[in-house]
Amino acid sequence: MKLTIHQDLAIPETEIVINCAQMDTRLWHLAGLIRQYGFSLTGYQDGKEFQLPLEQVYYIDSVDGKTFLYLEKEVYSCRETLAALEGKLAHTWFVRISKNCIINSNFLQSVRPLFNHRLEAFLPNGEKLIVTRNYIEALKDKLKGANL
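Residues numbered from 1 in each chain as written. Predicted model: local features only at pLDDT ≥ 70, side-chain atom pairs only at ≥ 80, totals over all residues. Heavy atoms only, no water.

1. Some details on the overall build of the protein chain
Looking only at helices and strands, the protein chain features 3 helices and 10 strands. Element order for the protein chain, N to C, with α for helix and β for strand: α-β-β-β-β-β-α-β-β-β-β-β-α. Taken along its principal axes, the extent of the C-alpha atoms in the protein chain is 50 × 40 × 25 Å. A total of 148 residues make up the protein chain; the buried ones form 33% of that total. (Helix = DSSP H or I, 4+ residues; strand = E, 2+ residues; numbered from the N terminus. Buried < 20%, exposed > 50% of the residue type's maximum accessible area, 1.4 Å probe, protein only.)

2. Considering the pattern of salt bridges
Under the defined criterion, the tally for this structure stands at 3 salt bridges. Of the charged contacts in the structure, one is a salt bridge between K88 and E80, with a shortest N-O distance of 2.8 Å. A salt bridge links E120 to R112; the nearest nitrogen and oxygen atoms lie 2.6 Å apart. A relative accessible area of 42% places R112 in the partly exposed class. (Salt bridge = Lys/Arg side-chain N within 4 Å of Asp/Glu carboxyl O.)

3. A word on the confidence of the model for the protein chain
Scored by pLDDT, the protein chain has a mean of 90; 98% of the residues are at 70 or more. By mean pLDDT, the top-scoring element of the protein chain is strand 5 (residues 75-78) (98), and the lowest-scoring one is helix 1 (residues 25-36) (78). (pLDDT = per-residue confidence, 0-100.)

4. Notes on the state of the cysteines
Enumeration according to the criterion identifies 0 disulfides in this entry. In this structure C78 is a free cysteine whose sulfur lies 13 Å from that of C101, the closest cysteine sulfur available. (Disulfide = S-S within 2.5 Å.)

5. Quick look at the packing of aromatic side chains
This model, assessed by the stated rule, comprises 3 aromatic pairs. Ring centres 5.4 Å apart and planes at 65° place the aromatic pair F50 and Y76 in the edge-to-face group. In this pair, F50 is assigned in strand 2 (residues 48-53) and Y76 in strand 5, connecting sequence segments 26 residues apart. For F50, a relative accessible area of 29% puts it in the partly exposed group. Judged by centre distance (3.9 Å) and plane angle (5°), the ring pair of Y58 and F107 falls under stacked. Placement of Y58 in the loop between strand 2 and strand 3 (59-63) and of F107 in the loop between strand 7 (101-104) and strand 8 (110-114) is noted, with a sequence separation of 49 residues between them. (Phe/Tyr/Trp six-rings, centres within 6.5 Å; stacked < 30°, edge-to-face > 60°.)

6. Looking at the nonpolar core
Counting 16 residues, the largest nonpolar core has Y59, I97, I103, L123, L129 and V131 as its most contacted members. Core analysis: the second largest hydrophobic core is formed by 14 residues, L41, L52, L54 and Y76 among them. (Core = buried A, V, L, I, M, F, W, Y, C linked by side-chain atoms within 4.5 Å.)

7. Examining the sheet that holds strand 9 (residues 118-122)
By definition, the strands of a sheet pair up through backbone hydrogen bonds, in either a parallel or an antiparallel sense. Taking strand neighbours across the sheet as the criterion, the 3 strands line up as 8-9-10 in an open arrangement whose pairing is antiparallel. Among the strands making up the open sheet, the edge pair consists of strand 8 and strand 10 (128-131). The average angle at which neighbouring strand axes cross in this sheet is 30°, direction not considered. Bridging between strand 8 and strand 9 involves 5 bridges; their strand directions are antiparallel. The residue bridging P113 from the neighbouring strand is L119, located in strand 9. (Pairing = 2+ DSSP bridges. Axes fitted to C-alpha atoms, helices over the stretch in contact; angles between N-to-C directions.)

8. Let's talk about the environment of S62
Here S62 is to be found in strand 3. Not counting chain neighbours up to four residues away, the residues in contact with S62 comprise T67, L82 and N100. (Contact = heavy atoms within 4.5 Å.)

9. Quick look at the environment of S105
Position of S105 among the secondary structure elements: in the loop between strand 7 and strand 8. With a relative accessible area of 6%, S105 lands in the buried category. It is 8.0 Å that separates the C-alpha atoms of S105 and L139, two residues lying 34 residues apart in sequence. In contact with S105, other than residues within four places in its own chain, are W93, K142 and L143. Within polar-contact distance, the side chain of S105 engages the backbone oxygen of W93 at 2.8 Å. (Polar contact = N/O pair within 3.5 Å; in protein donor to acceptor, adjacent residues only side chain to side chain.)

Below is the structure:
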């Protein structure tokens, strides 16, 4: 693989172009990572507004109609619904794993099966999340590079 970076102060916007003979799984993964760097989510904490880089968000959870953004050690509230965020994040490494949770699959360390055809997902920050049976196939597809 060849990497060329052309830096020019006259260029108004960064553009990334991938030239390849065939898109393989590694390139799909790379494209998904690049897409994430173009996004940030607005989070709120202690009355302050923060722009959170998408690549730092481990997962997004909804509890009692309120949405929360979970980073490695911090939690921020979010004014968008889980459904709206799911639509925005459709072509990134985020995937819904339950009715109330969307995970950044880049932070998925491992999974183990549970009873009732569910999975327990382990994240590097020690968090454990449940993947319900209705969303297991979507998670598998995302990990294979589909829908990026």
